[in-house]
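# Summary of the model geometry
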Amino acid sequence: YTFFLLIIAFVGLCEKYKGADLKQTDFWRHEKPMKIWVKYNMAEEDKFLIPPYVNSWQSTKRPCLYDVNVINAASYNKAFMADAIEGFQALTGIDLKTITEEEMNEISPLKEDWSRRNTILDERYDNLSTERIIKLRDDYGIKYFVTASKKIYPFPVIYKNEQYIIYDIKPTGESDNSVKK
């Protein structure tokens, strides 16, 4: 009995401190509040351009061009996968039909160096040009651009915390009925 009590006590302590530690992470302090703000302040039909490093965007219940986490969950729906591939290609600027072996090796999910692959995709996103963002907006009906990049963009800021900024990238003059006041 003593052994089982010790195990239960150990598990309880781990859970207690794990929860406290979790609340100190960037996710808990910056990403989660940003997504909660989106969920409660943006129209449900508003489409976003989100970084590959954002987790669980689906919790906002707002559409986005490409959510790497949804793809990682794998879907066997052919139309869903076709849309996801198109979104990936548009976001990264990588054409999967003409990609070189060297480029494929850099981003391959089968490669052991996941952190390097993620760094490459994150850097591509964080260095999107204003022109590319506008093209994605025009081609895919995107209204808002989310980033943690230090790069400053010439769009109005509608949300900002210590890590994330959400830019309104709608064309100038388009009414903003989306943000709930």
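Residues numbered from 1 in each chain as written. Predicted model: local features only at pLDDT ≥ 70, side-chain atom pairs only at ≥ 80, totals over all residues. Heavy atoms only, no water.

## Re unusual backbone geometry
- If you check the backbone angles, Ser56 has positive phi at about 55° while not being a glycine.
- The residue Ser56 is located in the loop between β1 (48–49) and α3 (68–72) in this model.
- Look at Lys61: it is not a glycine, yet its phi comes out positive at around 60°.
- Within the secondary structure layout, Lys61 lies in the loop between β1 and α3. (Helix = DSSP H or I, 4+ residues; strand = E, 2+ residues; numbered from the N terminus.)

## Here we look at the sheet that holds strand β3 (residues 157–160)
- In spatial order, the strands read β1-β2-β4-β3; together these four strands make up an open sheet with mixed pairing. Pairing within the sheet leaves two strands with one partner each, and these edge strands are β1 and β3.
- Bridging between β3 and strand β4 (residues 165–168) involves three bridges; their strand directions are antiparallel. Note that in β4 the partner of Tyr159 across the bridge is Ile166. (Pairing = 2+ DSSP bridges.)

## Points about the nonpolar core
- Met34, Phe48, Leu49, Trp57, Phe145 and Ile166 are the most contacted members of the largest nonpolar core, which totals 37 residues.
- Contacts of Phe145, omitting those with residues within four sequence positions, involve Leu49, Tyr125, Leu128, Ile133, Tyr153, Ile165, Ile166, Tyr167 and Ile169. (Core = buried A, V, L, I, M, F, W, Y, C linked by side-chain atoms within 4.5 Å. Buried < 20%, exposed > 50% of the residue type's maximum accessible area, 1.4 Å probe, protein only. Contact = heavy atoms within 4.5 Å.)

## Describing the pattern of salt bridges
- Within the structure shown, the criterion is met by five salt bridges.
- Where Lys143 meets Asp46, a salt bridge forms, and the shortest distance between an N and an O atom there is 3.5 Å. On the criterion of sequence distance, the pair formed by Lys143 in the loop between α7 (130–140) and β2 (144–147) and Asp46 in the loop between α2 (26–41) and β1 is long-range, its members being 97 residues apart.
- Taking relative accessible area as the criterion, Lys143 reaches 22% and is therefore assigned partly exposed. (Salt bridge = Lys/Arg side-chain N within 4 Å of Asp/Glu carboxyl O.)

## Details of the packing of aromatic side chains
- Counted under the stated rule, the structure contains 11 aromatic pairs.
- For the ring pair Phe145 and Tyr153, a centre distance of 5.0 Å and an interplane angle of 80° mean the geometry is edge-to-face.
- For Phe145, a relative accessible area of 0% corresponds to the buried category.
- Considering the side-chain rings of Phe145 and Tyr167, the 6.0 Å spacing of their centres and the 20° angle between planes classify their relative orientation as stacked. Within this pair, whereas Phe145 is found in strand β2, its partner Tyr167 is found in strand β4, the two being separated by 22 residues in sequence.
- An aromatic cluster of at least three residues, connected via ring pairs, comprises Tyr53, Tyr125, Phe145, Tyr153, Phe155 and Tyr167. (Phe/Tyr/Trp six-rings, centres within 6.5 Å; stacked < 30°, edge-to-face > 60°.)

## Remarks on α7
- Along α7, the residues that are buried comprise Thr130, Ile133, Leu136 and Arg137. Along the axis of α7, the buried positions cluster into a sector of 125°, meaning they face one direction only. Exposed side of α7, more than 90 degrees from the buried face: Glu131 and Asp138 are the residues found there.
- Buried residues along α7 sit against β1, α4 (78–92) and β2.
- A positive backbone phi angle near 65° is found at Gly141, which sits one or two residues after α7. (Arc of directions from axis to C-beta.)

## Focus on the pairing of β4
- Here β4 shows a buried face lined by Ile165 and Tyr167 and a second buried face lined by Ile166 and Asp168.
- As paired strands, β2 and β4 are joined by four bridges and run antiparallel to one another. By the bridge assignment for β4, Tyr144 is matched with Asp168.
- The antiparallel hairpin formed by β3 and β4 contains four residues in its connecting segment.

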